Amino acid sequence: MSSGETPITLVGNLTDDPELKFTDGGAALAKFTIAVTPRIFDRTSNQWKDGTTAFYRCAAWRTLAEHVADSLKKGSRVVAAGRMRQHDWTTDQGEKRSMLAVEVDDIGASVRFTTVQINAKRTGQNGPSGDDPWAATATPAVGADDAPPF
């Protein structure tokens, strides 16, 4: 993240299934909305109540976009980290418009109220492929003992 960007972490639910598209250059783009509803404790009634729901329009790119589309669906509770971005444009009538959206850098299912099953498979150039994503690919140094390095 570069200087001057606004980092944000959202915890909420997807309002619909992510929409996966591809740019003319072939880059994957997933668009989705996260609804965030704060819980407020009302001391007069001694109960928790829902606050005002905020809706955040989000975008994820490339491999993350494909994983979002394959893994998440409407109603999924997620924790998303990213940055706020402002988008400006002019309508056909010459009116200037702008909106804020979240460019998501990482997202995952929340396990606060449910359980999930992880199908961990590394993709791309950053690791081994196959059934064991944590498999070691390095060869031990000559003379290394069998003791763990920690």
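Residues numbered from 1 in each chain as written. Predicted model: local features only at pLDDT ≥ 70, side-chain atom pairs only at ≥ 80, totals over all residues. Heavy atoms only, no water.

S.K.: What is the right way to look at the overall build of the chain in this model?
M.R.: Along the chain, the regular secondary structure elements total 1 helix and 8 strands. Going from N to C terminus, the chain has its helices and strands arranged as β-β-β-β-β-β-α-β-β. Out of the 150 residues belonging to the chain, those deemed buried represent 22%. For the chain, contacts bridging at least 24 residues in sequence account for 57% of all contacts bridging at least 6. (Helix = DSSP H or I, 4+ residues; strand = E, 2+ residues; numbered from the N terminus. Buried < 20%, exposed > 50% of the residue type's maximum accessible area, 1.4 Å probe, protein only. Contact = heavy atoms within 4.5 Å.)

S.K.: Just checking my understanding: could you explain the environment of phenylalanine 113 for this structure?
M.R.: Here phenylalanine 113 lies in the segment after β8 (96-109). Taking the C-alpha atoms as reference points, phenylalanine 113 and arginine 77, 36 residues apart in sequence, are found 8.5 Å from one another.

S.K.: So what exactly am I meant to see when it comes to unusual backbone geometry here?
M.R.: It is generally the case that most residues other than glycine have a negative phi and that most peptide bonds are trans. Here asparagine 46, not a glycine, exhibits a phi torsion of approximately 60°, which is positive. Positive phi is not limited to glycine here, since arginine 62 has a value of about 55°. Turning to its location among the elements, arginine 62 is positioned in helix α1 (residues 62-71).

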